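Geometric and topological summary
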Amino acid sequence: MRNIAFATTLFAFIAVGIAQEAGAREIERRSPGSWGNSPHCLTANDLSIATGRPSQVLMSNGSVHVPVWSLSGGTVGQSVAGLVGSLPSGCAAVKVEIVVTTTDAATSPDFADVYRVHLAQMVDGAPFTARYHLGHPVRTALPAAPLHSRTILLESHYPVQSGAPLWVRIQREPGDPGDTFLQPTGLALVKVTPIAAPAKPHVVQDVKGYNSWPMIQAVGKKLVCVYGRGKGHTIADDDRAVYARTSTDGGKTWTPETVVGNAPSYGEVAVGKGLDSAGAMLLWVRRIGKGEWHHDLYRTTDGATFTLVTTPKLAVKPMQITDVFAVPKVGLMALWFAGDYGDKPTNAWGTVTSSDDGATWTQTTVESGLTKADWPTEPSAVYLGDSKILVIARTETGPSQWQIVSTDYGATWKRAPTNIGDVAGSTPSLILDAKTGLLSNYYYYRGKGFLRRRVVDPRSIFDHPDSWPAAETVAIGSTSAWDSGNANATVIGDTHYVSFYSGKAPDTAILVSVLPAPDADAGATLPERSKNTSN
């Protein structure tokens, strides 16, 4: 790559990078607790070889020379590393981005490359390996022409201790199946940006016990949060019941707890919510006991009194029936999934629909005989208009969430993996903002303790499920893997409310994060960013 002539000046090179990082800056601008400091930048001259044999070279044109590290598209194990001397006081975390480019004429969006970051902090009194973090592989499409740069977000939230040096290692992953570009790429810059902690969520319920698996729904201007409580992470024990509280001040305070379901000898869990045509809340409650397995549908207009609507008898017994949403020409729709979480091909998913506001339901199986690896679970769906439905579903084995789409009001469906890989038992929850048309995907990264959001113009990913933009961390919770998670979101006006649970067994709490909806300016950059940034 040394002395390769290129047709633009260094100023054009930098300008392209600035334009492409606009989307990443938009994440920082709208993230709760974004740090105002400038990023700490490590140029190629600040980095050295960590593993393998990458080479430092120059991209040159006349008297303009840009130093980069050449990372092979065919040799596994090449990486470079450097140190950020110290981080400012008050810094709670950092995000890490890289600027890469290529001079190869073969570059095209038909190809992609994969990078990941390794991070550690040198904190007094502890081994420098104690805070080691291995980032997820991040796959990005290459630009349409040589000499264009890309700013790629590799980590959106790595917790740090201010004042301590930060070690950063950048590695290309040509052995990853997602890296399809066989030519070298040039790493020009590493940017480490300090960020403050996200806003703390409001507490809905934190009495002793395993408060878990919340559902939150706006009924007019009122928030209704429904959740279960038992003695642990169980679904069928008789001690597990379903409760509700309401808030009229944006989740700051909540009314006393009321009981939704507490049938003797049954364990009950809220599994889906939505609205009927009159604006009343519908709630699916799974009830297990006495060798029986039911899904009860409740209705409420005030969030305090819940009336049983129906307990449909379905040919395929769902593990869960999920959130209810309206679809023109259909009525109400909810997705379900069924299976035993085993590795045998016994799993299925499909829809239930109602043309009479939930009084009766018709079940349709879309896919059956699925292995655990191909099984979409705990889906969240939105109707986009023009007969289109978009669904994001959890994966039980990885490596990424599923995207499922329909172009005919749910008559037929197409399923494909996404590039959303920062997940572990991560239940998605979608919000489509009517004002901007932007789609927010909320999910909790179990084991890491991060509530995350990805924002996109759905038109850019409907046919390109591997082009979701980068994630932002919007709240922090427990890192106890199965004692936290299950994001569920709703919207009132320009504000999103996202419930989740967090703690450590036997005691966990129900929380709700309050977030501004992404504004229209975000939509101007998101489609371009979604082509270039993943994970």
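Here the structure is shown first, and the text comes after it.
Considering the state of the cysteines
- A full pass over the atoms with the stated rule returns zero disulfides.
- Unpaired in terms of disulfides, Cys91 finds its nearest cysteine sulfur in Cys41, a separation of 15 Å.
- Its relative accessible area of 5% is what places Cys91 among the buried residues.

Overview of the nonpolar core
- Of all hydrophobic cores here, the largest spans 30 residues; its most connected members are Val204, Ile216, Cys225, Trp254, Trp284, Val324 and Trp361.
- In this structure Val324 touches Lys273, Gly274, Leu275, Leu282, Trp284, Leu332, Met333, Ala334 and Trp361, once residues within four positions along its chain are discounted.
- Core analysis: the second largest hydrophobic core is formed by 27 residues, Leu47, Leu87, Tyr115 and Leu119 among them.

Some details on the side chain of Asp296
- Among the secondary structure elements, Asp296 is positioned in strand 20 (residues 292–300).
- Side-chain polar atoms of Asp296 contact the side chain of Thr311, separated by 2.6 Å.
- In contact with Asp296, other than residues within four places in its own chain, are Leu283, Trp284, Val285, Arg287, Leu308, Thr310 and Thr311.

Some thoughts on the sheet that holds strand 24 (residues 347–354)
- Read across the sheet, four strands follow the order 22-23-24-25 without closing on themselves; strand pairing throughout is antiparallel. Every other strand in the sheet has two partners, leaving strand 22 (320–327) and strand 25 (362–370) as the edge strands with one partner each. The sheet shows a mean angle of 20 degrees between the axes of neighbouring strands, taken without regard to direction.
- Here strand 23 (residues 331–338) runs beside strand 24; their pairing, made up of seven bridges, is antiparallel. Bridge assignment links Ala334 to a residue of strand 24, and that residue is Val352.

A look at the pattern of salt bridges
- Evaluation of the coordinates by the stated rule reveals 18 salt bridges.
- Put simply, Asp466 and Arg139 hold a salt bridge, and the shortest N to O gap is 3.1 Å. One end of the pair, Asp466, is in the loop between helix 3 (458–461) and strand 33 (472–476); the other, Arg139, is in strand 9 (residues 138–141), with 327 residues separating them in the sequence.
- Take Arg139: its relative accessible area is 32%, and that puts it in the partly exposed class.
- One network of salt bridges, in which partners are shared, links Glu155, Asp422, Arg452 and Arg454.

Quick notes on unusual backbone geometry
- That bond from Gly398 to Pro399 is cis: its omega, 10 degrees, falls within 30 degrees of zero.
- Here the amide bond leading from Ala505 into Pro506 is cis, since omega sits at 15 degrees, within 30 degrees of zero.
- Its place among the elements puts Pro506 in the loop between strand 35 (495–504) and strand 36 (507–516).
- Phi angles above zero are rare outside glycine, and Tyr341 is one such case at about 65 degrees.
- By relative accessible area, which is 28% here, Tyr341 ends up partly exposed.

What counts and what doesn't
- Residues numbered from 1 in each chain as written.
- Predicted model: local features only at pLDDT ≥ 70, side-chain atom pairs only at ≥ 80, totals over all residues.
- Heavy atoms only, no water.
- Disulfide = S-S within 2.5 Å.
- Buried < 20%, exposed > 50% of the residue type's maximum accessible area, 1.4 Å probe, protein only.
- Core = buried A, V, L, I, M, F, W, Y, C linked by side-chain atoms within 4.5 Å.
- Contact = heavy atoms within 4.5 Å.
- Helix = DSSP H or I, 4+ residues; strand = E, 2+ residues; numbered from the N terminus.
- Polar contact = N/O pair within 3.5 Å; in protein donor to acceptor, adjacent residues only side chain to side chain.
- Pairing = 2+ DSSP bridges.
- Axes fitted to C-alpha atoms, helices over the stretch in contact; angles between N-to-C directions.
- Salt bridge = Lys/Arg side-chain N within 4 Å of Asp/Glu carboxyl O.

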